[in-house]
Amino acid sequence: MRPGTNPGSRSIQPHGVLLVLQEPDFVILQVSATTQEILGIAPESLLHVPLSILLDADQLMSFKASLTRVTLGNSPLYLFTMKLKGQKHLFDGIAHRNNGFLILELECAPDVASFQAKQQFSPEIFHSIQSAFTRLHQAATVNGYSQMIAEHVRDLTGFDR
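Residues numbered from 1 in each chain as written. Predicted model: local features only at pLDDT ≥ 70, side-chain atom pairs only at ≥ 80, totals over all residues. Heavy atoms only, no water.

The name given to the protein in an unreviewed UniProt entry is PAS fold-2 domain-containing protein, with Dictyobacter vulcani as the source organism.

The structure is reproduced here in C-alpha cells:
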C-alpha cells in the first residue's frame, strides 16, 4: 500500500477498491493501491478530495440516502450497485464503519447478462447445487450448515466472502 492507504489488518480483495471517508462531507482520507489498476486513477489523486470525484450528483444522493436507511456497524453491508464517473463497469458499493470512519469498498459488479448467458444451461452448475443440497442435509449443527454454505458459495463464485 502507498502513503495515504489503509494498511490495517484487513485487506481489500484484489478485485476491489477501498476508500476511507470522513463524514459528513465524504472526503477521501485513505485509498487502496488498487485504484490505479481497477479505476485507472492514481491513489494519490483521490486523497483529500470529496467522493463526488467518483460519483455524480444522483449517485451521491443515493449513497447518502442508503446510509440514512441502514445502521452500519463493523460488518460490511451491501448498499447498491453504482456507475462511477468515467468507468465502463458497474461497481457494488459495500460499506461499514471503523474507528469513526466510513469505509466504502467498491467491487466490480458481475456482468449479469453475460453471466446468465454462460451459466443458464450449465449442467455443471446444476450438479454442483444438487450436491450442495445433499451435503447440507447432512449438517449436524447450524455452524456446520453455515460452513458448508460458505464453502459452496466460495467454490461457485471464486470469492472468499
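Right, picking up where we left off after that structure.
Let's hear about the overall build of the protein: which residues, and what values?
Counting secondary structure elements, the protein contains five helices and five strands. Ordered by position from the N terminus, the helices and strands of the protein form the series β-β-α-α-β-β-β-α-α-α. Taken over 161 residues, the protein has a buried fraction of 32%. In the structure as shown, the protein presents an accessible area of about 10,000 Å², 57% of it carried by carbon and sulfur atoms. (Helix = DSSP H or I, 4+ residues; strand = E, 2+ residues; numbered from the N terminus. Buried < 20%, exposed > 50% of the residue type's maximum accessible area, 1.4 Å probe, protein only. Areas by Shrake-Rupley, 256 points an atom, 1.4 Å probe, with all protein chains shown as cover.)

Can you explain the sheet that holds strand β2 (residues 27-31)? Please cite residues and give values.
What the five strands build is an open sheet, ordered β2-β1-β5-β4-β3; its pairing is antiparallel. Lying at the two open borders of the sheet, with one neighbouring strand each, are β2 and β3 (77-83). Across this sheet, the average inter-strand angle for adjacent strands is 30°, counted without regard to direction. When β3 meets strand β4 (residues 90-98), the two strands line up antiparallel, connected through six bridges. Across the sheet, K83 pairs through a bridge with L90, a residue of β4. Each of β1 (16-22), β3 and β5 (101-108) touches helix α2 (residues 57-69); the most contacted strand, β3, lies at about 170° to it. (Pairing = 2+ DSSP bridges. Axes fitted to C-alpha atoms, helices over the stretch in contact; angles between N-to-C directions. Contact = heavy atoms within 4.5 Å.)

So what's going on with the nonpolar core? Which residues, and what values?
L19, L21, L51 and F63 are the most contacted members of the largest nonpolar core, which totals 26 residues. Of all the elements in the fold, those that place two or more residues in this core are β1, β2, α1 (35-39), α2, β3, β4 and β5. (Core = buried A, V, L, I, M, F, W, Y, C linked by side-chain atoms within 4.5 Å.)

Mind laying out helix α5 (residues 142-157), listing which residues take part and the relevant values?
Helix length check: α5 (16 residues) gives 22 Å between terminal C-alpha atoms against 22 Å at 1.5 Å per residue, within 8%. Count one or two residues on from α5 and you reach G158, which has phi positive near 85°. (Expected span 1.5 Å × (residues − 1).)

Residues and numbers for the side chain of S66, please.
Looking at the secondary structure, you find S66 in helix α2. Apart from the residues lying within four places of it in its own chain, the contact partners of S66 are L79 and F80.

Residue-level account of the pairing of β4, with values.
The two faces of the sheet receive side chains in turn, since in a regular strand these alternate between them. In this antiparallel pair of consecutive strands, β3 and β4, the connection spans six residues, and G86 shows a positive phi of 75°. Bridge count between β4 and β5: eight bridges; the pairing is antiparallel. Along β5, the bridge assignment pairs F91 with C108. Between β4 and β5, which pair antiparallel in sequence order, lie two residues; one of them, N99, sits at a positive phi of approximately 50°.

Summarise a nonpolar patch on the surface; cite the residues concerned and give the values.
Residues Y145, I149 and V153 make up a contiguous nonpolar surface patch of roughly 240 Å² in combined accessible area. Take V153: it is sitting in helix α5. With a relative accessible area of 41%, V153 lands in the partly exposed category. (Patch = residues over 30% accessible without salt bridge, like charges linked within 9 Å, V, L, I, M, F, W, Y side chains within 5 Å. Salt bridge = Lys/Arg side-chain N within 4 Å of Asp/Glu carboxyl O.)

Hey, could you go over the packing of aromatic side chains for me, with residue numbers and the actual values?
Under the defined criterion, the tally for this structure stands at one aromatic pair. Relative to F63, the ring of F26 has its centre 5.3 Å away and its plane inclined at 70°; by these criteria the two rings are edge-to-face. Here F26 is found in the loop between β1 and β2, whereas its partner F63 is found in helix α2, with 37 residues between them in sequence. Per residue, the accessibility class of F26 equals that of F63, and both read buried. (Phe/Tyr/Trp six-rings, centres within 6.5 Å; stacked < 30°, edge-to-face > 60°.)

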